[in-house]
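# Structural overview for review
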Amino acid sequence: MPQILAAGRVFEAEAILFDKDGTLLDFVHTWGAWARHMKQHFSDKLEERGLEPLSLEELGKEWGISFSPDGKAESYDRSGPLSMGTLHELLALLSACGYRRGLSWADARVAVHESWQHADRELDRERAALALPGVTELLDACRAAGIPMAVVTADETIAAVKHLSWLGLDGHFGEIIGTDLVERGKPYPDMAELACRRMGLDISKVVIIGDSNGDMLMAKAAGAAAAIGLAAGEAALQLPDADVVAASCEDIRLLP
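Now for a description of the structure that goes with this document. Every value quoted in this text rests on a predicted model; they were computed, and no experiment measured them.

### A word on the overall build of the protein chain
The helix and strand inventory of the protein chain stands at 9 helices and 11 strands. Dimensions of the protein chain along its principal axes, counting C-alpha atoms only, are 65 × 35 × 35 Å. Within the span of the protein chain, comprising 256 residues, buried residues form 54% of the whole. Contacts in the protein chain between residues at least 24 apart in sequence constitute 64% of all its contacts with a sequence separation of at least 6. As displayed, the protein chain offers around 11,300 Å² of accessible surface, 49% of which is attributable to carbon and sulfur atoms. Distance from the positive charge centre (24 side chains) to the negative charge centre (40 side chains) of the protein chain: 2 Å.

### Observations concerning the sheet that holds strand 1 (residues 3–6)
Each strand in a sheet pairs with its neighbour through backbone hydrogen bonds, running either in the same direction (parallel) or in the opposite one (antiparallel). A sheet is described by the order of its strands in space; here 3 strands give the open sequence 2-1-11, paired in antiparallel fashion. The open sheet terminates on both sides in strands that have one partner only, identified here as strand 2 (9–12) and strand 11 (252–254). In this sheet, adjacent strand axes meet at a mean angle of 25° when their direction is disregarded.

### Let's talk about the pattern of salt bridges
Tallied over the entire structure, the rule returns 17 salt bridges. With a closest N to O distance of 2.7 Å, Glu122 and Arg125 form a salt bridge. Taken together, the positions of Glu122 and Arg125, both in helix 5 (residues 105–126) and 3 residues apart, correspond to about one turn of that helix. Between Lys220 and Asp243 there is a salt bridge whose closest N-O contact spans 2.6 Å.

### Description of the layout of surface pockets
In this structure, the largest pocket encloses a volume near 430 Å³. If you trace the largest pocket, you find 30 residues lining it, with Trp31, Ala154, Asp155, Glu156 and Ala159 closest to the centre. Elements that contribute at least two residues to the lining of the largest pocket include exactly helix 1 (27–48), helix 3 (81–84), helix 4 (87–101), helix 5 and helix 7 (157–166). Here the element with the most residues in the lining of the largest pocket is helix 7; it accounts for 5 residues. Across the lining of the largest pocket, the residue classes tally to 12 nonpolar, 7 polar and 11 charged. For the second largest pocket, the calculated volume is near 240 Å³. For the lining of the second largest pocket, the elements supplying multiple residues, two or more each, are helix 1 and strand 5 (73–76). Tallied by class, the residues present in the lining of the second largest pocket amount to 11 nonpolar, 4 polar and 3 charged.

### A word on the environment of Gly178
As for its placement among the helices and strands, Gly178 is situated in strand 7 (residues 175–178). The spatial distance from the C-alpha of Gly178 to the C-alpha of Glu156 is 4.8 Å, given a sequence separation of 22 residues.

### Examining the packing of aromatic side chains
Under the criterion given, the structure shown has 5 aromatic pairs. Residues Trp31 and Trp34 carry aromatic rings whose centres are separated by 5.2 Å and whose planes lie at 85° to one another, so their mutual orientation is edge-to-face. Taken together, the residues span about one helical turn, with Trp31 and Trp34 both in helix 1 at a distance of 3 residues. The two residues Trp31 and Trp34 agree in class, both being buried.

Criteria and thresholds
Residues numbered from 1 in each chain as written. Predicted model: local features only at pLDDT ≥ 70, side-chain atom pairs only at ≥ 80, totals over all residues. Heavy atoms only, no water. Helix = DSSP H or I, 4+ residues; strand = E, 2+ residues; numbered from the N terminus. Buried < 20%, exposed > 50% of the residue type's maximum accessible area, 1.4 Å probe, protein only. Contact = heavy atoms within 4.5 Å. Areas by Shrake-Rupley, 256 points an atom, 1.4 Å probe, with all protein chains shown as cover. Lys, Arg positive; Asp, Glu negative; His and termini not counted. Charge placed at Lys NZ, Arg CZ, Asp CG, Glu CD. Pairing = 2+ DSSP bridges. Axes fitted to C-alpha atoms, helices over the stretch in contact; angles between N-to-C directions. Salt bridge = Lys/Arg side-chain N within 4 Å of Asp/Glu carboxyl O. 1 Å grid on protein atoms, 1.4 Å probe; cavity = no way out; pocket = protein on both sides within 12 Å on 5 of 7 lines; lining within 4 Å. Points joined across faces, edges and corners; volume = space filled by probe spheres on them. Nonpolar A, V, L, I, M, F, W, Y, C, P; charged D, E, K, R; others polar. Phe/Tyr/Trp six-rings, centres within 6.5 Å; stacked < 30°, edge-to-face > 60°.

Here's what the structure looks like:
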């Protein structure tokens, strides 16, 4: 059985399931841009009604992302809504911001939906995706070794496929499973189980790699062979259920 070396520990794995954002792709590069577009469009809608616009600070508190003084996203809460939540949950949180400002719930939902469509169009135009260090090399090595791989992400499936395709990474994976394909997202085991069913894999021989403790809990709930977390420095403390935490994919390699 293939062996994976991560942060000094060796794990046997017939296949690997990867989280997407924060694991394969730079989280703040994609979702920081998307959040800024959401904020600006939604603020415009609020100001059209004579209501207080939404600040990046308030959006950050709602979604779990922080911005520098110049408006660029700089970090995210690995246990927060933007990292762990579904699209519908994010839209509901933003709708609540509009409701608290005086919009009816119906008007808030419409404004948020229009802002979502706008942000998606802008993200598509910018192709805002960036592979994290070591990702391409690890994926290439796994493919060369014949190790099956899949993606299990809190993102919607269509968006996940699109973001990976911008970087030419989508072809590495036998399955790309978004949260819209299952009844329960992370930390429940549903996505991991679905990926394994579709690919004919035994989950007990599969390693799961992710950047949030939700990924680690999903791995544990599914009965995976190992839960490998990705985080550097103090962020590693946010992954208490990981079997091991590596700084990045650069610190994970296959053994000959």
